[in-house]
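# Notes for the structure review
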Amino acid sequence: SSSGRLVGPNSENGGASDAKNLRVKLVLLGDSGVGKSCIVLRFVRGQFDPTSKVTVGASFLSQTIALQDSTTVKFEIWDTAGQERYAALAPLYYRGAAVAVIVYDITSPDSFNKAQYWVKELQKHGSPDIVLALVGNKADLHEKREVPVQDGIEYAEKNGMFFIETSAKTADNINQLFEEIAKRLPRPAVSSTQ
Ligand code: GDP
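Residues numbered from 1 in each chain as written. Predicted model: local features only at pLDDT ≥ 70, side-chain atom pairs only at ≥ 80, totals over all residues.

Another point: the overall build of the protein chain. Helix and strand counts for the protein chain come out as five helices and seven strands. For the protein chain, the sequential pattern of α-helices and β-strands runs β-β-α-β-β-α-β-α-β-α-β-α. Classification of the 194 residues of the protein chain by burial places 40% in the buried group. Within the protein chain, residue pairs in contact and separated by at least 24 positions form 61% of the contacts whose partners lie at least 6 positions apart. (Helix = DSSP H or I, 4+ residues; strand = E, 2+ residues; numbered from the N terminus. Buried ≥ 20, exposed ≤ 12 C-beta atoms within 10 Å, placed from the backbone. Contact = placed C-beta atoms within 7 Å.)

Here's what the structure looks like:
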């Protein structure tokens, strides 16, 4: 089967228990305008098109990557459609997520504060083994930078998260972001007692 295995609390719905083909739910969180849709479009379609929005109503976009050990990881990337802004809906959105990518804009200290809010929220209410990534996007706008790279590094270190700065515009570090997440996923153990 090519359906793979869903990592995380929804494992029972994951189809074949194939340890080499992981299927993971990934959610993006962060202030409106930080570039979440652009990051997804850059990763999935290889494009930067600020006028095209991820279709509202589609449940998710997916993209599969192969790692060096021949494991494949199929990311099911949930389209927020802004839902995460409504506190009451947020838990529905990130429930069962194996990965949360929390995005801020390096030109916006407010968005960095909001990112820290999401980190706390996910630490409290996310799956216990969730992989958290902190992303400083719009790294191409270095002349307008207001969040020092060191602030991102230190906050992520303190919270045991992966950190990277990206540019959806130039594609800088976009593939690396998803590759590094894939490497950090808990691998399903192949059990001999099943
Ligand atoms: P979302 O609300 O978080 O999904 O943000 P969008 O993906 O819709 O992006 C918001 C705006 O930021 C758009 O006008 C994009 O063109 C712009 N944007 C997104 N990513 C980048 C980036 O890496 N660099 C620059 N310069 N602009 C970006």
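Mapping Ser32 onto the fold places it in the loop between strand 2 (21-29) and helix 1 (36-45). Judged by C-beta crowding, with 12 C-beta atoms within 10 Å, Ser32 ranks as exposed. Expressed as a C-alpha distance, the spacing of Ser32 and Lys169, which sit 137 residues apart in the sequence, is 17 Å.

The next thing to look at is the nonpolar core. Grouped together as the largest cluster of nonpolar side chains are 48 residues, with contacts concentrated most on Val99, Ala100, Val101, Ile102, Val103, Leu132 and Ala133. If you list the elements that add at least two residues to this core, you get strand 2, helix 1, strand 4 (72-78), strand 5 (99-105), helix 3 (109-125), strand 6 (131-137) and helix 5 (174-184). Not counting the four nearest positions on each side in its chain, Ile102 is found in contact with Leu29, Gly30, Ala115, Trp118, Val119, Leu132, Ala133, Leu134 and Val135. (Core = buried A, V, L, I, M, F, W, Y, C linked by C-beta atoms within 7 Å.)

Moving on, we get to the environment of Tyr93. Assignment of secondary structure puts Tyr93 in helix 2 (residues 90-94). Residue classification places Tyr93 among the partly exposed positions, given that 19 C-beta atoms sit within 10 Å. Sequence separation between Tyr93 and Tyr117 is 24 residues, and the spatial gap between their C-alpha atoms is 16 Å.

Phi angles above zero are rare outside glycine, and Ser70 is one such case at about 70°. Overall, the presence of 8 C-beta atoms within 10 Å leaves Ser70 in the exposed class. Even without being a glycine, Lys138 presents a positive backbone phi close to 65°. Within the secondary structure layout, Lys138 lies in the loop between strand 6 and helix 4 (149-158). On the neighbour-count criterion, Lys138 (25 C-beta atoms within 10 Å) is buried.

What follows is about the pairing of strand 3 (residues 60-66). Here strand 3 pairs with strand 4 via seven bridges, running antiparallel. Opposite Leu61, over in strand 4, you have Ile77 as the bridge partner. Here strand 3 hands over to strand 4 after five residues, with Ser70 in that stretch at a positive phi of 70°. (Pairing = 2+ DSSP bridges.)

Residues at a pLDDT of 70 or more form 78% of the protein chain, whose mean pLDDT is 84. Note on residues 9-17: pLDDT is under 50 here. Beyond four places in sequence and across chains, it has 21 contacts. In the predicted assembly, ipTM is 0.99 and pTM is 0.86. (pLDDT = per-residue confidence, 0-100.)

For helix 5, the set of buried residues is Ile174, Leu177, Phe178, Ile181 and Ala182. End-on, the buried residues of helix 5 take up no more than an arc of 130°, which puts them together on one face. Those residues of helix 5 hidden inside the fold are in contact with helix 1, strand 3, strand 4, strand 5, strand 6 and strand 7 (162-165). (Arc of directions from axis to C-beta.)

With that out of the way, let us pick up the pairing of strand 7. Pairing geometry for strand 6 and strand 7, over four bridges, is parallel. For Gly136, the partnering residue across the bridge sits in strand 7 and is Glu165. Handedness of the crossover joining strand 6 and strand 7 through helix 4: right-handed. (Right-handed = clockwise from strand over helix to strand, strands pointing away.)

All right, on to helix 1 then. The buried fraction of helix 1 amounts to eight of the ten residues, a majority that puts the element mostly inside the structure. Among the residues of helix 1, Lys36, Ser37, Cys38, Ile39, Val40, Leu41, Arg42 and Phe43 are the ones counted as buried. Backbone geometry just after helix 1 places Gly46 at a positive phi near 70°.

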